[in-house]
Amino acid sequence: MPPATVHLVIPCYQESGRIGPFLTELCGVTRELGGVTIQVVEDGSDVAEAARMRDIITPLCQQHAHLLPPLFLPQNLGKGGAVYAGWDQAAPVDWLAFVDADGSCSAAEVANLIRRIRQQPSPQTAVFASRWDQTSARVQRQWKRRLMGRIFGALVSTLLHIPIHDSQCGLKFVPRSAYQRIASGLRIHGFAFDVELLAALHDSGCAFEEAPIPWHETAGGHVHLIRDSFRMARDVLAIRKRRSKRPKLDA
Ligand SMILES: Nc1nc2c(ncn2[C@@H]2O[C@H](COP(=O)(O)OP(=O)(O)OP(=O)(O)O)[C@@H](O)[C@H]2O)c(=O)[nH]1
Ligand SMILES: [Mg+2]
């Protein structure tokens, strides 16, 4: 039987300085796996940045048929908006996925998780990579980010009653059929989009699992610890409010 197919989106905002080596390696490892397409979604950075991204990606597209032409969004939608724009245009694959552009999660680890989801007899359980509960040798993050990540994880699981430790890790796999059931109700396009995605999957009956991965934080991150944590906490509260209003399945 052919392996389950995967469409992997890389959301990018001002990433021309970081994406090159990671994308090159990712194209190599996924080509060996087969059945994977990759697409960069450039999230309305600016004209000069879009040109730099084109210069990096075009030669790689010529070498790798499974690297699709990038999608250039006319305006900045936010990380979630970029991921969904890529997923919404995907061919009818088995799995939709995204990975951060900065290579904090290595290409080899992306390949490992693709092998892992392919062990499912059919795509059923969403797989969220996780930086939780690991020795500092495997997960290298600034202590501030590690701390904020733990606080945010506790906030998500407590307020939404969903058992998860790390909702924000930049590598996730979702069965396409499960995404199709929930896509029309997804509203959050910023950095907290993963939380809404998780809640919607959970509420629709799609199981999920956290998969521990090594993580090597890369300099030049876009997430502003105070400003974005505040926005994300606000988004979690909005998700909670909306969920409390939804009709109960068994009503
Ligand atoms: N589409 C889109 N992607 C964004 C935006 N801001 C950041 N990203 C992408 O989101 C991903 C994660 O952003 P990073 O800059 O790696 O975040 P970070 O500050 O390193 O935070 P962690 O990776 O969680 O430690 C990258 O692929 C970014 O390009 C945005 O406004 N739009
Ligand atoms: Mg990062």
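Residues numbered from 1 in each chain as written. Chains lettered and ligands numbered in written order. Predicted model: local features only at pLDDT ≥ 70, side-chain atom pairs only at ≥ 80, totals over all residues. Heavy atoms only, no water.

Two faces belong to every sheet, and in a regular strand the side chains alternate between them. Summarising burial for strand E1 (residues 6–12): seven of the seven residues are buried, a large majority. Every second residue of E1 is oriented toward a common face, with Val6, Leu8, Ile10 and Cys12 on one face and His7, Val9 and Pro11 on the other, all of them buried. In this region the chain leaves E1, passes through helix H1 (residues 19–33) and returns to the parallel neighbour strand E2 (residues 36–42); the handedness of that crossover is right-handed. Relative to strand E4 (residues 95–99), E1 runs parallel, the two sharing four bridges. The residue of E4 that forms the bridge with Val9 is Phe98. (Buried < 20%, exposed > 50% of the residue type's maximum accessible area, 1.4 Å probe, protein only. Helix = DSSP H or I, 4+ residues; strand = E, 2+ residues; numbered from the N terminus. Right-handed = clockwise from strand over helix to strand, strands pointing away. Pairing = 2+ DSSP bridges.)

Before going further, it helps to spend a moment on the packing of helix H7 (residues 193–203) against helix H8 (residues 225–245). It is the contact of H7 with H8, at a shortest axis distance of 10 Å, that shows an interaxial angle of 25°. Classed by the angle they form, the pair H7 and H8 counts as roughly parallel. Viewed along their axes, H7 and H8 form a crossing whose handedness is right-handed. The residues of H8 that touch H7, namely those facing Val195, Glu196, Ala199, His202 and Asp203, are Val236, Ile239, Arg242 and Arg243. Among the residues forming the contact of H7 with H8, the class breakdown is four nonpolar, one polar and four charged. (Axes fitted to C-alpha atoms, helices over the stretch in contact; angles between N-to-C directions. Parallel < 35°, antiparallel > 145°, perpendicular 65-115°, else oblique. Left-handed = near helix turned anticlockwise from the far one by under 90°. Contact = heavy atoms within 4.5 Å. Nonpolar A, V, L, I, M, F, W, Y, C, P; charged D, E, K, R; others polar.)

Let us now look at the site of ligand 1. The full set close to ligand 1 counts 22 residues, and Pro11, Glu15, Asp43, Arg145 and His222 are the nearest of them. In the model, a nitrogen atom of ligand 1 is placed 3.5 Å from a nitrogen or oxygen of the Gly78 main chain. In this structure, Ala101 approaches ligand 1 through a main-chain N or O atom, which is 2.9 Å from an oxygen atom. Bound to the protein, ligand 1 loses 94% of the 630 Å² it would expose on its own. Here the shell around ligand 1 is built from residues that sort into eight nonpolar, four polar and 10 charged. (Near = heavy atom within 4 Å. Polar contact = N/O pair within 3.5 Å; in protein donor to acceptor, adjacent residues only side chain to side chain. Areas by Shrake-Rupley, 256 points an atom, 1.4 Å probe, with all protein chains shown as cover.)

These values are about where atoms sit, not about what they do.
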